[in-house]
Amino acid sequence: AQIVESGGGVVQPGGSLRLSCLVSGHFFRISHMAWYRQAAGEQRELVASITPPGLGSIPRYSGSVEGRFTISRDNAENTLILQMSSLKPEDTAVYYCNRDPRPISVNGSEYWGQGTQVTVSS
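As the structure is a computational prediction, the values presented were derived from the model and not from experiment.

## Quick look at the side chain of Thr-79
Reasoning step 1: Looking at where Thr-79 falls in the secondary structure, it is placed in strand S8 (residues 79-84).
Reasoning step 2: Of the polar contacts made by the side chain of Thr-79, one reaches the backbone oxygen of Glu-77; its length is 3.0 Å.
Reasoning step 3: What Thr-79 contacts, discounting residues up to four positions off in sequence, is Ser-20, Cys-21, Leu-22, Phe-28, Ser-72, Arg-73 and Asp-74.

Written out as structure tokens, the structure reads:
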């Protein structure tokens, strides 16, 4: 398995970014997937999740991003998307995607991609 996140950058408050996550492996199409983030000095937290297409690709969001972020999936391309708008400085973090609730395991250990840095600053 391999996970590659992209799309992060520096944006002003109120701005928008679109994150992408390319996932290799057949599990993507049958898995609940999620975006997580980890701010400096903080624990990783779940931001948004989405059920597999067989369960309707239903999204869910944490209260802190509800109404501002949109999660979607392209199962033909094994890609998870996070459209972020009305960004706030507190959204600054490294963003990761992974399976939900149990991250991908490779050789018995949790596997995470390199993440993509999002910085919201004026």
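Here the narrative resumes, following the displayed structure.
## Quick notes on the packing of aromatic side chains
Reasoning step 1: Under the definition given, this model contains 2 aromatic pairs.
Reasoning step 2: Arranged with centres 5.2 Å apart and planes meeting at 85 degrees, the rings of Tyr-36 and Trp-112 form a pair that is edge-to-face. Of this pair, Tyr-36 sits in strand S4 (residues 33-38) while Trp-112 is found in the loop between strand S11 (109-110) and strand S12 (116-120), placing the two residues 76 residues apart along the sequence.
Reasoning step 3: Given the relative accessible area of 8%, Tyr-36 is considered buried.
Reasoning step 4: Aromatic pair Tyr-96 and Trp-112: ring centres 5.9 Å apart, planes at 80 degrees, arrangement edge-to-face. Here Tyr-96, found in strand S9 (residues 93-99), pairs with Trp-112, found in the loop between S11 and S12; they are 16 residues apart in sequence, far enough to count as distant.

## Re the nonpolar core
Reasoning step 1: Counting 26 residues, the largest nonpolar core has Trp-35, Phe-69, Leu-80, Leu-82, Met-84 and Tyr-95 as its most contacted members.
Reasoning step 2: Looking at this core, the elements with two or more residues in it are strand S3 (17-24), S4, strand S5 (45-50), strand S7 (69-74), S8, S9 and S12.
Reasoning step 3: No other element matches S3, which puts 4 residues into this core.
Reasoning step 4: Those residues within four positions of Phe-69 in sequence are excluded, and the remaining contacts are Arg-37, Val-47, Tyr-61, Leu-82, Gln-83, Met-84, Ser-85, Leu-87, Asp-91 and Tyr-95.

Reading guide: rules and limits
Residue numbers restart at each chain and count upward from 1, following the sequence in its written direction. In view of the model being predicted, local features appear only for residues whose pLDDT reaches at least 70, and side-chain atom pairs are presented and counted only at 80 or more, with totals across whole chains, interfaces and linings using the full set of residues. As a rule here, side-chain values come from all non-hydrogen atoms in the structure, and water together with hydrogens is ignored. The secondary structure listing takes helices from DSSP runs of H or I that are at least 4 residues long and strands from runs of E that are at least 2 residues long, numbered from the N terminus. Pairing of N or O atoms within 3.5 Å defines a polar contact, subject to two protein rules: one partner must be a possible hydrogen donor and the other a possible acceptor, and residues neighboring in sequence count only if both atoms are side-chain atoms. The contact definition used throughout considers only heavy atoms, calling two residues in contact when any of these lie within 4.5 Å. To pair, rings of Phe, Tyr and Trp, with the six-membered ring standing in for Trp, must have centres within 6.5 Å; the planes then decide the type, stacked if under 30 degrees apart, edge-to-face if over 60, and tilted in the middle. Only protein chains enter the calculation, and the probe is 1.4 Å; a residue is then buried if its accessible area is under 20% of its type maximum, exposed if over 50%, and partly exposed in between. Grouping buried Ala, Val, Leu, Ile, Met, Phe, Trp, Tyr and Cys residues that are joined through side-chain atoms within 4.5 Å yields what is termed a nonpolar core.

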